[in-house]
Structure formats: C-alpha cells, structure tokens
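Commentary on secondary and tertiary structure
As a plain string of letters, each chain reads:
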Amino acid sequence: MDVQELAETPHRAASQVVGYAEDELAYRERERIFSSGWSYATAAERVSVPGSYAVAPIGHASVVLVRDRAGELRAFKNVCQHRGHEIASGAGPCRALKCPYHSWTYDLQGGLIAAPYMRGKLDFSTVRLSPAAVETVGGVIFANLDASAPTVDGALAAGASLCDGRTLRETHDDTVAADWKTVVERLLARLPDGPLSAEYTWPNHWWLQDPGGAVVLVARVLPDGPGRSRLHVDRYAADGPDERSFELLSEGDGDAAAIPEQVRQFRTRVRAAMGDRESEGT
Amino acid sequence: MGESALVVTAEQLVGEGKAIPSAWYDDPSFYAGERDAVFARTWQYLAHADQLAAPDSYLIAPVGDFAAVVLRGSDGSLRAFGTRRPRAYELPEETLLAAARSGGSSELEIEELRLETWEQCYIFGTFDHQAVSLAESLGPLCDKAGEVGLDYASLRHWERITYEVDANWKIVVENSVECYHCTVAHPELVDLMDMEVFEQTVFENGMVQEGPVQGDSRREEQSSGYSYPSGGVQQGRYMFFWPTFYLLVYPGPGNVSTMRFHPRGPGRTLVIRDFYFAADITDPQRAEIVEFIDRIQLQDSGLCASVQRGIRSGGLHHGTLQLNSNVAEVGPSLVHRKLLECLSQVPAGHHHGTGVDLVR
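Residues numbered from 1 in each chain as written. Chains lettered and ligands numbered in written order. Predicted model: local features only at pLDDT ≥ 70, side-chain atom pairs only at ≥ 80, totals over all residues. Heavy atoms only, no water.

Here we look at the overall build of chain B
Note the threshold: Every helix listed is a DSSP run of H or I at least four residues long, and every strand listed is a run of E at least two residues long, numbered separately from the N terminus. The classification of residues rests on relative accessible area computed with a 1.4 Å probe and restricted to protein chains. Under 20% of the type maximum is buried, over 50% is exposed, and intermediate values are partly exposed. In this description, accessible areas are obtained by the Shrake-Rupley approach with a 1.4 Å probe, and a residue is regarded as covered only by the protein chains that are shown.
A tally of helices and strands in chain B yields 11 helices and 15 strands. The burial tally for chain B puts 62% of its 360 residues in the buried class. Just so you have it, chain B exposes about 13,000 Å², and 49% of that area is on carbon and sulfur atoms.

Focus: the packing of helix α6 (residues 169–176) of chain B against helix α10 (residues 283–312) of chain B
All names here are of chain B. Keep this limit in mind: Here an axis means a line fitted to C-alpha atoms, over the contact stretch when the element is a helix, while the angle between two N-to-C directions is reported on a 0 to 180 degree scale. Each angle is binned into one of four classes, with values under 35 degrees roughly parallel, values over 145 roughly antiparallel, values of 65 to 115 roughly perpendicular, and all other values oblique. Two helices crossing with the near one rotated counterclockwise from the far one by less than a right angle form a left-handed crossing, whereas a clockwise rotation gives a right-handed crossing. In what follows, a contact means two residues having at least one pair of non-hydrogen atoms within 4.5 Å. Amino acid classes used here: Ala, Val, Leu, Ile, Met, Phe, Trp, Tyr, Cys and Pro are nonpolar; Asp, Glu, Lys and Arg are charged; the rest, including Gly, are polar.
Contact pair α6 / α10: the axes reach a minimum separation of 9 Å and the direction vectors enclose 130 degrees. Judged on the interaxial angle alone, α10 and α6 are oblique. The interaxial crossing formed by α6 with α10 has right-handed handedness. The segment α6 lies against α10, with Ile171, Val172 and Asn175 engaging Asp300, Leu303, Cys304, Val307, Gln308 and Ile311. Classifying every residue of the contact of α6 with α10 gives 6 nonpolar, 2 polar and 1 charged.

Examining the state of the cysteines
Residue and element names in this part refer to chain B. Formally: Two cysteine sulfurs form what is called a disulfide whenever their separation falls within 2.5 Å.
On inspection of all chains with the given rule, the structure shows 1 disulfide over all chains. At a sulfur-sulfur separation of 2.0 Å, the disulfide partner of Cys179 is Cys182. On the sign convention where negative is left-handed, the bridge of Cys179 and Cys182, at about -105 degrees about the S-S bond, is left-handed. Counting only cysteine sulfurs, Cys182 is the nearest neighbor of Cys304, a cysteine outside any disulfide, at a range of 12 Å.

Concerning the sheet that holds strand β1 (residues 39–43) of chain A
Two strands in a sheet stick together by hydrogen bonds in their backbones, pointing the same way (parallel) or opposite ways (antiparallel). All names here are of chain A. Note the following rule: Any two strands are treated as partners once DSSP identifies two or more bridges connecting them.
Taken in spatial order, the 3 strands make up an open sheet running β1-β10-β9, and their pairing is antiparallel. A single partner strand is all that each edge strand has here, and the edge strands are β1 and β9 (133–137). Taking each pair of neighbouring strands and ignoring which way they run, the sheet shows an average axis angle of 30 degrees. Here 5 bridges tie β9 to strand β10 (residues 140–144), and the two strands are oriented antiparallel to one another. Across the sheet, Thr136 pairs through a bridge with Ile141, a residue of β10.

Points about the side chain of A:Arg67
Residues and elements named next belong to chain A. Selection rule: Charge counting treats Lys and Arg as positive and Asp and Glu as negative, with His and both chain ends excluded. We define a salt bridge as a contact between a side-chain nitrogen of Lys or Arg and a carboxyl oxygen of Asp or Glu at a distance within 4 Å. Whenever a nitrogen or oxygen atom comes within 3.5 Å of another N or O atom, the pair is scored as a polar contact, on the condition that within protein one atom can donate a hydrogen and the other can accept it, and that pairs from neighbouring residues in sequence are kept only if both atoms are in side chains.
By the element assignment, Arg67 lies in strand β3 (residues 61–67). Look at Arg67: it is buried, it has no salt bridge, and the nearest opposite charge is Asp68 at 7.3 Å. A polar contact is formed between the side chain of Arg67 and the backbone oxygen of Gly71, at a distance of 3.2 Å.

Focus on the packing of aromatic side chains
Residues and elements named next belong to chain B. Spelled out, the test is: Here a pair means two rings of Phe, Tyr or Trp (six-membered ring of Trp) with centres within 6.5 Å. Their orientation is stacked below 30 degrees between planes, edge-to-face above 60, and tilted elsewhere.
According to the stated counting rule, one finds 25 aromatic pairs over all chains in the structure shown. On the basis of an interplanar angle of 70 degrees and a centroid distance of 6.2 Å, the ring pair of Tyr122 and Tyr152 is categorised as edge-to-face. Here Tyr152 lies in the loop between α5 (140–147) and β8 (156–165) and Tyr122 lies in strand β7 (residues 122–126), a separation of 30 residues in the sequence. Its relative accessible area of 1% is what places Tyr122 among the buried residues.

With respect to the sheet that holds strand β13 (residues 255–263) of chain B
Residues and elements named next belong to chain B. Ordered in space as β8-β14-β13-β12-β11-β10-β9, the 7 strands form an open sheet in which the pairing is antiparallel. Two strands bound the open sheet, and with one partner strand each, they are β8 and β9 (199–202). Each adjacent strand pair in this sheet contributes to an overall mean axis angle of 15 degrees, direction not counted. Relative to strand β12 (residues 245–249), strand β11 (residues 235–241) is paired through 5 bridges, and the arrangement is antiparallel. Bridging from a neighbouring strand, Arg237 pairs with Val249 of β12. Set on the sheet, α6 makes contact with β8, β10 (206–212), β11, β12, β13 and β14 (269–277); between it and β13 the angle comes to about 155 degrees.

Some words on the confidence of the model for chain B
All names here are of chain B. We count it as follows: For every residue, the pLDDT score states the predictor's confidence, bounded by 0 at the bottom and 100 at the top.
Per-residue confidence for chain B averages 88 on the pLDDT scale, and 87% of its residues sit at or above 70. Low confidence marks residues 1–15, where pLDDT is under 50. Its contacts with residues over four positions away, or in another chain, come to 25 contacts. Low pLDDT (under 50) marks residues 349–360, which in the prediction has 43 contacts with non-local residues, meaning those over four places away or in another chain. Interface confidence for the predicted complex, expressed as ipTM, amounts to 0.90; the pTM equals 0.91.

Details of the nonpolar core
Basically, it comes down to this: We call a set of buried Ala, Val, Leu, Ile, Met, Phe, Trp, Tyr and Cys residues a nonpolar core when their side-chain atoms join them within 4.5 Å.
Among the nonpolar cores identified, the biggest contains 121 residues, and B:Trp118 and B:Tyr152 are the most heavily contacted of them. Looking at this core element by element, the count peaks at 9 residues for α10(B). Aside from chain neighbours lying at most four places away, what touches B:Trp118 is B:Phe124, B:Leu134, B:Leu138, B:Leu141, B:Cys142, B:Ala145, B:Phe245 and B:Leu247. In terms of nonpolar packing, the next biggest core, distinct from the first, is built from 24 residues, A:Leu196, A:Leu231, A:Leu248 and A:Met274 among them.

So, the packing of helix α4 (residues 180–190) of chain A against helix α5 (residues 261–273) of chain A
All names here are of chain A. Axis separation between α4 and α5 bottoms out at 9 Å; the angle between their running directions is 150 degrees. When the axis of α4 is compared with that of α5, the two are roughly antiparallel. Here the hand of the crossing between α4 and α5 comes out right-handed. Where α4 approaches α5, its residues Trp180, Lys181, Val184, Glu185, Leu188 and Ala189 are matched on the opposing element by Gln262, Val263, Phe266, Arg267 and Val270. When grouped by side-chain class, the residues that make up the contact of α4 with α5 number 7 nonpolar, 1 polar and 3 charged.

Considering helix α2 (residues 28–39) of chain B
Residues and elements named next belong to chain B. What counts is decided by this rule: An expected span of 1.5 Å times one less than the residue number is assigned to each helix.
The end-to-end C-alpha separation of α2 is 15 Å, in line with the 16 Å expected for 12 residues at 1.5 Å each. Within α2, 11 of the 12 residues are buried, which leaves it mostly tucked inside the rest of the structure. For α2, the full list of buried residues reads Pro28, Ser29, Phe30, Tyr31, Ala32, Gly33, Glu34, Arg35, Ala37, Val38 and Phe39.

Brief notes about helix α3 (residues 93–102) of chain B
Residue and element names in this part refer to chain B. Definition in use: The directions considered for the arc are those from the helix axis to the C-beta atoms.
Restricting attention to buried positions, one finds in α3 the residues Leu96, Leu97, Ala99 and Ala100. Summarising the axial view, the buried residues of α3 lie within an arc of 165 degrees, below the 170-degree limit, and thus occupy one face. Along α3, the residues that are exposed and aim more than 90 degrees away from the buried face are Glu94, Arg101 and Ser102. Against β3 (58–63), β4 (66–72) and β5 (78–83) lie the buried residues of α3. Of the residues one or two after α3, Gly103 is the one with positive phi, at around 85 degrees.

Observations regarding the side chain of A:Ser52
Residues and elements named next belong to chain A. Mapping Ser52 onto the fold places it in strand β2 (residues 52–58). With relative accessibility at 6%, the residue Ser52 sits in the buried group. Polar side-chain contacts of Ser52 include one of 2.5 Å to the backbone oxygen of Val49. If sequence neighbours within four positions are ignored, Ser52 has contacts with Arg46, Val47, Leu65, Val66, Arg67, Gly92, Pro93 and Cys94.

Here it is in structure tokens:
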C-alpha cells in the first residue's frame, strides 16, 4: 500500500471532528475560498528588473514573484520542496532562491540547483517549486494559488486602473484579533461612510480612493487561523508628498444594529462558497 | 494483517527519503485521529517528582491535548486520573480536580492512568493499560541517560519557559530531532558545538543526538562569547522519546533540561522547557545558559511557524528527507515511522477522522 494513496483518501466530515470546529472551518475556508481565487498581489514595479523577486501575501499563504533573467515574470507558492519552509521573504535582487531552513536552492525558473548532502542521491531535475498563476494588468500584479486558473476576472482587474500614474509608497500589515469574516463585515458596514470611495471585490478586497484621486489604497483582509486575521494595505500615491493617513478599522467598531445589504450579500456568498445551503439566518 | 503491511510501507517510505503527506500537518480531521492513535496510547511526561514531594499535593498535567491530575496521597502513593476529552487542558483546574477526586461524572469521564518513573524523578503516564512498560518502551534510552553518570534526581528546578508555536506538533518535533538546519539557522549553536563529530542514533521509540563542544581555543574566538561551565559531563547528549519528550543533558557538572511538546490544535503547539542545575553552578552561569537556549528555541519557533505557512500554501504534496550525512534527517524519519505505526494500531472503525484507512 502506498502512502500517497492514503493521503488521497477523502477526508471525513467536519461533524466527526471533536473539539476544534473553528480550525476545521478555517481549513475548509482556505480550501474553498482562498486556494483558488485571484488576488491582488503587489505593484509590478517591485519586480520590474530581471533577477528580482517580491513575496506577496495571497489569502492565507503567500507567493514568490520572480522576474527571471530573460525578463519573464513567474510566480511560485512560497514553500520549499524539502520540508515546507517558506522559500523567501521580503523583496529585492536575487540570483537564486535559497531556503533559510536547510539551504535548498532553486534557480529563477523554480528548478532545484543545490541541496546539501543530496547530490547524487536525488535527481534535482525532478524537484521544482510549485507554480502559481500570475498576470500583470497595468502596473499591478495579480496571482492565484491555483496554477491552472484561467485569466484574472474583469471585476478584480478593473481596480488596477485606479493605480495608473501612481506609485506604491508603503505597505501596512496589521494583525487583527478577529476572524477574517468579522473584519470584512465591519469594513463593509463602515467604509461607505468614510472619506474614501470604496469598491469591494469578493472575497476580501477593497479599492479605495480619496476624492481628489491622489491616494489609492488596496486593502485586503487575510485569514490567519481561527479568530485571527491581517489587514494588509498597499498605499499608492502620485508624485509629491502626501502625509494624510486613513484609518480603515478602528477600535470602537462594533456590530451595527442594522445589517447593511452588503453584509447580507457577503454572508450569502460565504455560504454558497462553503456549499452550505441553509436559508439565510440573522 | 494490515499492521505488518504498514510497517513495510513505513520502511519503504523511510528508505526513499519520502516524507509523510503534507496535509497531515494541517488537516484538522487528521489531527482529531492522532489524538486517539498517538496521545491516548503512548507514554507522556506528566511531572517531576519534586513537584509532588509533599503528601496530599497534586498538579494538573497536559497529556497531548487531554489532561490528567497527578495526586500524591497522604500515604505517599502516587496516582493520576485523566480525561480523554479533547481540549481538556482548557478546563478549569477545580473542575478537573473535583472530577479526579470523585471518579468522574457523566459530563466528564475520568480514567486512571498507568504511571512509571524514569531516573527516579521523571513521572510518566499513559491511558493505555496494555502498553509496554515505560522502561521497555524507552529501551536503550535508559542506558544512554544512565551512562552520563548524573544523579538526575539531585538536580533542582531553576526555571520554566513556555513557548506558543504557530505550527503543528509534528513540525515542532521534527525541527527538534534534526540538526541539518543547525549550520544554516543557528550560527551561534554551531559555533559552540563541533558539528564534524555530531552523532545521532535512532532506536525503536526514540533517538539520541550527541556531540562535544568546540575546544577552548575555538570557543574564545567565537562571537557569542558563550561557554558551558567546565567539569562534569563533557559532551551534550539530547535524548528524544517518542512522541513528545526530550531529556537534554548539557556539558558541565549538572545541567539538564526537560522539554515537551503539547498539541493545542492542528496548527498550534505549546513547548514547555524546564531547567535543572547542580548546586555548584552559579546564578550568572545559569542565567547565561537559559538565555542561550531560549535564543535558539525562539529561532526554532520562527522556523516552525514558517513551515506551517508554507505547507498551507498547498504547494508541497510531501517533503523529501536527507538521509546521507552525519546530520541526516533520521529523526523526522523516525517520527513518520512511529506515526504510521500508531495509526495502524487503531482498531478498524475507530479512525476518528484521520481521513486514512491504514488497516486493510
């Protein structure tokens, strides 16, 4: 009996899991919502030079965006094929991608080129970083953990035009002690009344623009395990100083008394994505 | 029937250097199955005898993600009562204590654990009354601990440090049972140890990693400025006992740590480290040792959390182990072999959602 065969046996139902229902839910959400959807990744200029890379969070995971020496943009799921450590962090120039756990090293096409004590014991040509789908629209890169995904959908890609003529100035990544759905719902309830025009894209994106159009924020809520998420915001601005700060989420935000229509729609969409056909509750 | 077939599979797996499927580090239904397959059936460290020295004393010990109450009777007898309720470690202390003393209730079933002690001070328990004895299970680890020549029970507790690691318990254990990553990820540890003569030996239920520290001249040159107290034990000996216990003997006249790993859900692990010293090690020396080990452990916690995130990307079907050097990943290989054995021993129909049917 082959172990691979064991791994491919279907998983048991969630109801059979005792004690960790929230972990089970988070796992299924990763599988059904975040493992196959397109996502904003980062600004194309961050990997414009051949021989450069940038790591971008996508849902619960991250991808490594690489501009190889021939100028082709590639994306890999951020995981070493040896024992699963993330292959890279940050951004910058690179000749190769070297894992900080055991130094397994990959070329910019994702092929294994070095691994201590493995020469002659492993056919390096069979080991490659796992690809992700990637697409550049204007000055923005989109990615999808599902390498076989067709082209990025129009509704999401349309947001890229807002970033035209602007440069990615800074990134904020804050941990929030709440489930990603709770954070999405609060933003859905709050952002329409804020100073920025807000365009929401399922499941977790906002394109926000100030009335003058000088500042564009790309905000995403990233799931980070049960009861925890990250609010990841890229700030684009035209040339020239702009010190204004925009607080998307504040401490005082509670659940609104009336549930806005957008929140209702979000909940319906989550249920549909999770394959739950119960009628809409509260 | 399935059992022997599976052991063969496990050997083949190890031989090929192919790791267990990555989903086993992430899938909550697999975790739920491990609870009974691994943690209800193996020996788990519960307490140091000094913690229960006084008559009528007790303590609550996590057992995997179950929990047990260990009681010292007024007559000096030692007993432990536990519950196999998932996340029992989260129950209030009074609830567990009351249940243990009353024999449990319909709401909280209580079972007596079997107890045995290693080196007169490390108290272990198991829910499995059919399990082989602790001494037999430890096997050559008993000799390895004895050879060092320390009177373990004479060492006194100095400090406890706990770590919450955002990673599956197997990721944390595997990180601890291999030093292939040491030259890459722990430069100051490699400064201290002589990796050229680092040795590891695998047994049925555990392994030993050992090696001398660098010579004095080398130590003076190295940047951390750290050195172990002289005298006594000459080389480090780090003993792992499947699934979650470590006895770590460091060089010096009496410098021992215990370490254990407690699963806290599919993607979280609590690491508890206790430091014990002989009387002739000074306070500044103790502080320096604890600080050094703490620094290494924090590096490991970061590595483990990254592995969990990496695996969640879905981009690794199964890992590949390096089995070709004196820092071969034979430790992770052992973990995989024992895990497969444990899963194969769960009676058919009792696979609470491991998602795998190992007995055919």
